[in-house]
Amino acid sequence: MQTRKPFVRLAVSAVATLIGCLTWSATVAAQEVKARTLKFAFSLAEDHPLGQGAKKFADLVAEKSGGKMKVSIYANAVLGGDPQNLSAVRGGTLDFTSMATGLLAGIDKRFMVFDLPFLFNDAREAYAVSDGPVGQQLLDGLGAHGLVGLGIWDLGFRNMTNSKRPIANVQDFQGLKIRVIAAPVYIDMFKTLGANPVPMTFGEVYGALESKAIDGQDNPVGVIQSAKFAEVQKYLSLTRHIYTGMPFLMSKKTWDGMTPAERKIIQEAAAEAKSQERKISQAKEAVAIEDLKKLMQVNALTAQEVDGLRDAVKPVVDKFAGEIGPDVMQQVATELSALRAKR
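Just so it is clear, the model here is predicted, and its values are computed rather than measured.

1. Looking at the overall build of the protein chain
When you go through the protein chain residue by residue, the secondary structure sums to 14 helices and 11 strands. For the protein chain, the spread of C-alpha atoms along the principal axes amounts to about 95 × 45 × 40 Å. Evaluated residue by residue, the protein chain yields a buried proportion of 51% over its 343 residues. The long-range share in the protein chain, meaning contacts at least 24 apart out of those at least 6 apart in sequence, stands at 76%. Carbon and sulfur atoms make up 56% of the accessible area of the protein chain, which totals about 15400 Å². Counting 41 positive and 36 negative side-chain charges, the protein chain places the averaged centre of each group 6 Å from the other.

Given below as structure tokens:
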């Protein structure tokens, strides 16, 4: 029995050492997480899937930091529209924002690849490209512009609303004054279809529709519902002409001032929130369409009608493919071909 005592003492000592190391590591980790209040502003409503994703992100950051890091949410463009939020994040006076990929084209033209008309057939394809090499390459490039890309969240496929008539073909677009995102792809696409595009921040759209300053706008059905556009629009046409991803952006100045432990919390929370936001967005789309049918005249396009619109905007795709660059275009084509071959 006496010969076992050294072994027991050694085991007890090892356990004590392990506990001490774990305690020391936990203490160091706790010291690396400072008390912070961070601001997350965006243009959409708080009950929109993106708003719900923002709430999930804030909850996860608080949970993972032991309550030390808090994220305050500012929805409905209360701190400014997307251009103001983007400028504030780049300047370090705002910590987080999220906006359509098209709005980042002014920083990096390659982001226009996500806005090419009729590029994606469904959300599965859009998510694969957003999360794949192309999406990561573009997000990584934002560092040179004062931003940290933390993933691409989901807004959905854009559809048309207007106060004049159902839209099913090129002729139906003729002469309509349509609010567009202030991005070259959108402006050229609607001009090509025969409409009069009017660049405008999202916060101005409802009032412009109500006053008849514009005839219509395009957005995913979740946005159309949460923004209450049915109150000022009669027709909803399910064109699904462009998929819109929403890059989740963080100020590089805020990021650079964080410890590795704090950065890990942000990255993990952002990844989990992105997954949750996408699930909410997908679930809400079908429900939103059914709800909007009670308030608006809704028409779905046939495959032949979609092909007609796709053919009409092909010159737009060709033009901007040249600006985006052959490398990115080839990467996207390769990824989509591989995905479609598996079906």
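Once you've had a look at it, read on.
2. Brief notes about the sheet that holds strand β10 (residues 243-251)
In a beta sheet, neighbouring strands are held together by backbone hydrogen bonds and run either parallel or antiparallel to one another. Pairing within the open sheet is mixed, and its 5 strands lie in the order β2-β1-β3-β10-β4. Where the open sheet ends on each side, the last strands, each with one partner, are β2 (69-74) and β4 (147-157). In this sheet, neighbouring strand axes are inclined to one another by 20° on average, regardless of whether the strands run parallel or antiparallel. The sheet contact formed by strand β1 (residues 36-41) and β2 spans 6 bridges and is parallel. Paired with T37 across the bridge in β2 is K70. Its contacts with the sheet place helix α3 (residues 82-91) against β1, β3 (96-98), β4 and β10, and it is angled at close to 145° to β3.

3. Side note on helix α4 (residues 123-131)
Looking at α4, one finds that the buried residues are A123, E125, A126, Y127, V129 and S130. Contacts from the buried residues of α4 go to α5 (133-140), β4, β10, α11 (260-293) and α14 (326-341).

4. Regarding α14
For α14, with 16 residues, the first-to-last C-alpha span of 22 Å sits near the 22 Å given by 1.5 Å per residue. All of the buried residues in α14 are V328, V332, E335, L336 and L339. Seen from one end, α14 has its buried residues packed into an arc of 95°, which puts them on one side. In α14, the exposed positions that point more than 90 degrees away from the buried face belong to P326, D327 and A341. At its buried positions, α14 is contacted by α4, α5 and α13 (314-324).

5. A few points about the pattern of salt bridges
Following the criterion strictly, the structure yields 18 salt bridges and no others. Among the ionic contacts, a cluster of salt bridges with common partners joins K64, K264, E268 and E272.

6. Side note on the sheet that holds strand β8 (residues 216-219)
Strand order in the open sheet formed by 6 strands is β7-β6-β8-β5-β9-β11, and the pairing between neighbours is mixed. One side of each edge strand has no neighbouring strand; the edge strands of this open sheet are β7 (196-199) and β11 (297-300). Here the average twist between neighbouring strands, direction ignored, is 25°. Bridge analysis of strand β5 (residues 159-162) against strand β9 (residues 235-238) gives 3 bridges, and the strand direction is antiparallel. The partner of N162 across the bridge, within β9, is Y235.

7. Notes on the environment of E277
Residue position: E277 is located in helix α11. Take E277: its relative accessible area is 0%, and that puts it in the buried class. Ignoring any residue separated from it by four or fewer positions in sequence, one finds E277 in contact with P49, L50, G53, W153 and D154.

8. Focus on the packing of aromatic side chains
A complete count under the given rule lists 13 aromatic pairs for this structure. Summarising the aromatic geometry, the rings of F40 and W153 are spaced 6.3 Å apart at their centres and angled 70° between planes, so their arrangement reads as edge-to-face. Taken together, the residues span a long stretch of sequence, with F40 in strand β1 and W153 in strand β4 at a distance of 113 residues. Judged by its relative accessible area of 0%, F40 is buried. A network of ring pairs unites the aromatic residues F40, F42, F57, F96, W153 and F248 as a single cluster. Stacked on the ring of Y127, the Lys or Arg R278 has its end atom at 4.2 Å from the ring centre.

9. Remarks on unusual backbone geometry
Positive phi is not limited to glycine here, since N76 has a value of about 60°. Assignment of secondary structure puts N76 in the loop between β2 and α3. Even without being glycine, F118 reaches a positive phi, approximately 60°. Residue position: F118 is located in the loop between β3 and α4. Look at F118 and you get buried, because its relative accessible area is 10%.

Rules used in this analysis
For every chain, the first residue of the written sequence is number 1, and numbering continues from 1 along that sequence. In view of the model being predicted, local features appear only for residues whose pLDDT reaches at least 70, and side-chain atom pairs are presented and counted only at 80 or more, with totals across whole chains, interfaces and linings using the full set of residues. As a convention, hydrogens and water are excluded, and side-chain values are obtained from all of the structure's heavy atoms. Runs of H or I in DSSP of at least four residues are treated as helices and runs of E of at least two as strands, each being numbered from the N terminus. Per-residue accessibility, obtained with a 1.4 Å probe over protein chains only, is compared with the maximum for each type, and a residue is labelled buried under 20%, exposed over 50%, and partly exposed between these values. Should any heavy atoms of two residues lie within 4.5 Å, those residues are counted as being in contact. Accessibility throughout is a Shrake-Rupley quantity obtained with a 1.4 Å probe, and a residue counts as covered only by protein chains that appear here. Charged-residue counts in this description rest on Lys and Arg as positive and Asp and Glu as negative, His and the chain ends being excluded. Every charge is mapped to an atom, namely NZ of Lys, CZ of Arg, CG of Asp or CD of Glu. The pairing criterion is simple: DSSP has to find at least two bridges between the two strands. Here an angle of 0 to 180 degrees is reported between the N-to-C directions of two axes, which are lines fitted to C-alpha atoms, with helices fitted over the stretch in contact. Working rule for helices: expected span equals 1.5 Å times residues minus one. Working definition: the arc comes from the directions between the helix axis and the C-beta atoms, pointing outward to the latter. The salt bridge criterion pairs a side-chain nitrogen of Lys or Arg with a carboxyl oxygen of Asp or Glu, the two atoms within 4 Å. By convention, a stacked pair of Phe, Tyr or Trp rings (six-membered ring in the case of Trp) has centres within 6.5 Å and planes under 30 degrees apart, an edge-to-face pair has planes over 60 apart, and any other such pair is tilted. Both a distance and an angle decide whether a charge sits over a ring: NZ of Lys or CZ of Arg must be within 6 Å of the ring centre and within 35 degrees of the ring normal.

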